[in-house]
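# Notes for the structure review
Here is what each chain is made of, one letter per residue.
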Amino acid sequence: MRKPAKLFIVLPCYNEEEILEQSARTVLEKYRELLAEKKIGKKSRILFVDDGSKDRTWEIISALHEEDPVFCGIRLSRNKGHQIAIYAGMDYAVSQGAHCVVTIDADLQQDIDALPRFLEKYYEGCDVVYGVRDSRDTDRFFKRTSATIYYKIMRLLGCDLIEQSADYRLLSDRAVKALSSYKESNLFIRGLVPEMGFQSDTVFFHVKEREAGSSKYTLKKMLKLAIDGITSFSIQPIRWVILLGILVFVISVVMMILTLVDHVRGVTVPGWSTLTISIWFLGSVQLLSLGIIGEYVGRTYMEAKSRPRYFISDETGEEHD
Ligand code: UDP
Ligand code: MG
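Since the model is a prediction, treat every value here as computed from it, not as a measurement.

### Topic: the site of ligand 1
- The immediate surroundings of ligand 1 are formed by 19 residues, with Glu16, Asp107, Lys143, Ser215 and Lys216 found nearest.
- Residue Asp51 places a side-chain N or O atom 2.6 Å away from a nitrogen atom belonging to ligand 1.
- Ser215 has a polar side-chain atom sitting 2.6 Å from an oxygen atom of ligand 1.
- Going through the elements one at a time, strand E1 (7–13) and helix H3 (82–95) are the ones with two or more residues in the shell around ligand 1.
- Grouping the constituent residues of the shell around ligand 1 by class yields 6 nonpolar, 5 polar and 8 charged.

### Considering the packing of H3 against helix H6 (residues 173–180)
- For the pair H3 and H6, the least separation of the axes is 10 Å and the interaxial angle reads 125°. By the angle between their axes, H3 is oblique relative to H6. In this structure, H3 meets H6 at a crossing whose hand is left-handed. Here H3 contributes Tyr87, Met90, Asp91 and Val94 to the contact with H6, which in turn contributes Asp173, Val176, Lys177, Leu179 and Ser180.

### Quick look at unusual backbone geometry
- Even without being glycine, Asn15 reaches a positive phi, approximately 50°.
- As for its placement among the helices and strands, Asn15 is situated in the loop between E1 and helix H1 (20–36).

### Looking at the sheet that holds strand E6 (residues 165–172)
- Read across the open sheet, the 8 strands follow the order E7-E5-E6-E4-E1-E2-E3-E8; overall the sheet is mixed. Because the sheet does not close on itself, it has two edges, and the strands there are strand E7 (200–205) and strand E8 (312–315). Strand-to-strand twist across the sheet, computed as the mean angle between neighbouring axes with direction ignored, equals 25°.
- In the packing of helix H2 (residues 57–67) onto the sheet, the strands contacted are E1, strand E2 (45–50), strand E3 (71–76) and E8, and the crossing angle to E3 comes to about 150°.

### Focus on a nonpolar patch on the surface
- A cluster of nonpolar side chains, contributed by Leu156, Trp240, Ile242, Leu243, Ile246, Leu247, Phe249, Val250, Ile251, Val254, Met255 and Leu258, occupies part of the molecular surface with about 1,200 Å² of accessible area.
- No other element matches helix H9 (residues 236–265), which puts 11 residues into the nonpolar patch.
- Tracing the backbone through its elements, the reader meets Val250 in helix H9.
- Note on Val250: relative accessible area 45%, which makes it partly exposed.

### Quick look at the pattern of salt bridges
- Scanning the entire structure with this criterion turns up 16 salt bridges.
- Two residues, Lys224 and Asp228, come together in a salt bridge whose shortest N-O distance is 2.8 Å. On the criterion of helical spacing, the pair formed by Lys224 and Asp228 is a turn pair, its members being 4 residues apart in helix H8 (residues 219–233).
- Asp228 sits in the buried class, given a relative accessible area of 5%.
- Taken together, the shared-partner salt bridges connect Lys224, Asp228, Glu295 and Arg299 into one network.

Rules used throughout
- Residues numbered from 1 in each chain as written.
- Chains lettered and ligands numbered in written order.
- Predicted model: local features only at pLDDT ≥ 70, side-chain atom pairs only at ≥ 80, totals over all residues.
- Heavy atoms only, no water.
- Near = heavy atom within 4 Å.
- Polar contact = N/O pair within 3.5 Å; in protein donor to acceptor, adjacent residues only side chain to side chain.
- Helix = DSSP H or I, 4+ residues; strand = E, 2+ residues; numbered from the N terminus.
- Nonpolar A, V, L, I, M, F, W, Y, C, P; charged D, E, K, R; others polar.
- Axes fitted to C-alpha atoms, helices over the stretch in contact; angles between N-to-C directions.
- Parallel < 35°, antiparallel > 145°, perpendicular 65-115°, else oblique.
- Left-handed = near helix turned anticlockwise from the far one by under 90°.
- Contact = heavy atoms within 4.5 Å.
- Pairing = 2+ DSSP bridges.
- Patch = residues over 30% accessible without salt bridge, like charges linked within 9 Å, V, L, I, M, F, W, Y side chains within 5 Å.
- Areas by Shrake-Rupley, 256 points an atom, 1.4 Å probe, with all protein chains shown as cover.
- Salt bridge = Lys/Arg side-chain N within 4 Å of Asp/Glu carboxyl O.
- Buried < 20%, exposed > 50% of the residue type's maximum accessible area, 1.4 Å probe, protein only.

Structure, rendered in structure tokens:
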């Protein structure tokens, strides 16, 4: 049995001024409950990661810290996206001596009441505890179907994601250190965590409606996450390009034979349609293939630079003279 752990609850926030205070109260309540039941150690913290917000988010985080040092925060130098924000939070937490971290969205759509169950699994010896949503009924139709299709595609591409797992999870310090040894700058945490191994378990939780503010996951950000996921875990698309090449080659051999037969029979009719269709078809296949390969080459280029993932521009509780 592990001792009451120093737990860091990490909440990534991007322009969350409308809901932050309310969420902070709810998390604090839960924190006090867990503390009273001796399920977590006294040095546990609630850590906000301000992902380069443009509104009053950082002021609210600083005020919360003034009020109660249980709240603390780091501020990223600019908006880096949800994945980097939670990674930055976990990394910082472990650098502050956390034994385990739980990441949860700042809008608390993910049920905070499931937290004790995450901890139970941790005390049973798990290094990774996945939060899995019990249904997707609070999601819009588009998000729900696109997510389901996406998980199917990922499976097809050979990447084993935990179905319907969100970024609500517990990681032990060991698991966070393992995660930080992956040096790729395109972090797809959802794929990396199962890839690491470690003893793991799942906890089911319910997703609620967002109570205030609006979704910060724009379509563009969702697409980026989806493409990052595919390209960082699978080179199948490049293989498909090769298969496509073979297929087109076979077709072209057939076409060659047909053309020769026609030539011998002397029926060399205009054949304009065949020619035009072939040109357009082959052109599009080539461009598409080049595009897919280019995507990977581009990513190799970006990774080869191994740029730093983020910078922390502010920290609560830092001493200034
Ligand atoms: N978020 C972030 N950086 C971003 C976008 C979102 O840190 O660039 C945070 C956001 O503040 C929230 C979490 O990621 O805590 C999930 O975002 P949101 O609730 O907007 O997404 P949804 O629940 O609609 O998928
Ligand atoms: Mg949300």
